[in-house]
Amino acid sequence: LAKTTQPISMDSYEGQEVNITCSHNNIATNDYITWYQQFPSQGPRFIIQGYKTKVTNEVASLFIPADRKSSTLSLPRVSLSDTAVYYCLVGDATGGFKTIFGAGTRLFVKA
Amino acid sequence: ETGVTQTPRHLVMGMTNKKSLKCEQHLGHNAMYWYKQSAKKPLELMFVYSLEERVENNSVPSRFSPECPNSSHLFLHLHTLQPEDSALYLCASSQAGTGELFFGEGSRLTVL
């Protein structure tokens, strides 16, 4: 399993765009990159998943460079309710069995 | 509402008690998981069931015993736990081949 490295914490203000970068130097050819969000005392919630280039949904965008050794989760115009822990995971899309979470990035959005 | 329901949401038990956590998924998925999340620690994968067969057991102590009677239900039987087992226990489900996990709200366990 590819190891991921993320910043431990980040601060932002309401209305700003937040970019959280994840390093995964040992990503394998079959691996996808998946991001989850977790609020206190709740289970993580899937945000977005991608393999290469750019993926966008109604919540976020995921940017993946050509070498795929890193990825950036972009949250447009954050609000106070986006304060949460964000996890970057790398693994075979068929290998949900091996989904291992790291420490994540604690995002704190201030008014 | 994630389609994964866990009960009870809160449980307090003594070290000599026997209790069970229950998880039910309404998503038609074919894989189910138990994770443990202790305070200020990453989620730890405990058990994985695929098509009702256990496919992963991450060196979890035998005082935790999982059961998956069908693809929609998952139990975690608890006995003679230790105070350090106090944590949030999260159940998740997925459809094999997608890699996307759907989590329940969790069961907060306190062992006295």
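Throughout, residues of each chain are indexed from 1 in the direction in which the sequence is written. All chains are assigned letters beginning with A, and all ligands numbers beginning with 1, in the order in which they are written. Only residues with pLDDT of at least 70 get local features here, since the model is predicted, and only at 80 or more are side-chain atom pairs given and counted; chain-wide, interface and lining totals rely on the full set of residues. The side-chain values count all of the structure's non-hydrogen atoms but skip hydrogen atoms and water molecules.

Peer 1: Outline the overall build of chain A, supporting the account with residue identities and numerical values.
Peer 2: Helix and strand definitions follow DSSP, with helices as H or I runs of at least four residues and strands as E runs of at least two, each counted in order from the N terminus. When you go through chain A residue by residue, the secondary structure sums to zero helices and nine strands. Secondary structure elements of chain A occur, N-terminal to C-terminal, as β-β-β-β-β-β-β-β-β. Put simply, the radius of gyration uses C-alpha atoms, and a globule should come to 2.2 Å times the residue count raised to 0.38. Its C-alpha atoms give chain A a radius of gyration of 13 Å, near enough to 13 Å, the size a compact globule of 111 residues would have. Principal-axis analysis of the C-alpha atoms places the extent of chain A at approximately 40 × 30 × 25 Å. To sort residues, take the accessible area from a 1.4 Å probe on protein chains only and compare it with the maximum for the residue type: under 20% means buried, over 50% means exposed, and anything in between is partly exposed. The buried share of chain A, reckoned over its 111 residues, is 44%. Whether two residues are in contact is decided by their heavy atoms: any pair within 4.5 Å suffices. Considering only contacts in chain A between residues 6 or more positions apart, those separated by 24 or more positions represent 56%. The distance from the centre of the 10 positive side-chain charges to the centre of the 8 negative ones in chain A is 4 Å. Counting rule applied: Lys, Arg positive; Asp, Glu negative; His and chain ends not counted. By convention, the point assigned to a charge is CZ for Arg, NZ for Lys, CD for Glu and CG for Asp.

Peer 1: I'd like a description of the nonpolar core, backed by residues and values.
Peer 2: Among the buried residues, those of types Ala, Val, Leu, Ile, Met, Phe, Trp, Tyr and Cys that are joined through side-chain atoms within 4.5 Å form a nonpolar core. Counting 22 residues, the largest nonpolar core has Trp34(B), Phe64(B), Leu76(B) and Leu78(B) as the members making the most contacts within it. Within the residue set of this core, elements represented by two or more residues are strand S2 (10–13), strand S3 (18–25), strand S4 (31–37), strand S5 (44–50), strand S7 (64–70), strand S8 (73–79), strand S9 (87–94) and strand S11 (107–111) of chain B. Formed by 20 residues, the second largest nonpolar core is a distinct cluster that contains Cys22(A), Ile27(A), Ile47(A) and Ile48(A).

Peer 1: So what about the interface of chain B and chain A? Which residues, and what values?
Peer 2: Of the residues lining the interface, 23 residues belong to chain B; the matching set on chain A comes to 19 residues. Carbon and sulfur atoms supply 54% of the area that chain B and chain A bury against each other, a total of about 1,700 Å² over both sides. Definition used for salt bridges: Asp or Glu carboxyl oxygen within 4 Å of a side-chain nitrogen of Lys or Arg. Viewed at the interface, chain A and chain B are joined by zero salt bridges. N or O atoms within 3.5 Å of each other form a polar contact, as long as, within protein, one can give a hydrogen and the other can take it, and as long as residues adjacent in sequence are counted only when both atoms are side-chain atoms. At the junction of chain B and chain A, the tally comes to four residue pairs in polar contact (both at pLDDT 80 or more). Among the elements of the structure, S4, S5, strand S6 (53–57) and S9 of chain B are those that each provide at least two residues to the side of chain B that touches chain A. Per-element accounting of the side of chain B that touches chain A gives the leading share, four residues, to S4(B). Asp, Glu, Lys and Arg are counted as charged, while Ala, Val, Leu, Ile, Met, Phe, Trp, Tyr, Cys and Pro are counted as nonpolar; the rest, among them Gly, fall into the polar class. Classifying every residue of the side of chain B that touches chain A gives twelve nonpolar, six polar and five charged. Defined in terms of a 1.4 Å probe, buried area is the accessible area two parts forfeit on being brought together, summed over both.

Peer 1: Give me the state of the cysteines: which residues, what numbers.
Peer 2: Cysteine sulfur atoms that come within 2.5 Å of each other are treated as a disulfide pair. According to the stated counting rule, one finds two disulfides over all chains in the structure shown. Between Cys22(A) and Cys88(A) runs a disulfide, and the two sulfur atoms are separated by 2.2 Å. Taking the sign of the S-S torsion, -80° for the link of Cys22(A) and Cys88(A), the bridge is left-handed. Here Cys22(A) is found in strand S2 (residues 18–23), whereas its partner Cys88(A) is found in strand S8 (residues 84–92), with 66 residues between them in sequence. Like Cys22(A), the residue Cys88(A) is buried in the burial classification. The thiol of Cys68(B) is not disulfide-bonded; the next cysteine sulfur, from Cys91(B), is found 9.0 Å away. Accessibility expressed as a relative area gives 11% for Cys68(B), which makes it buried.

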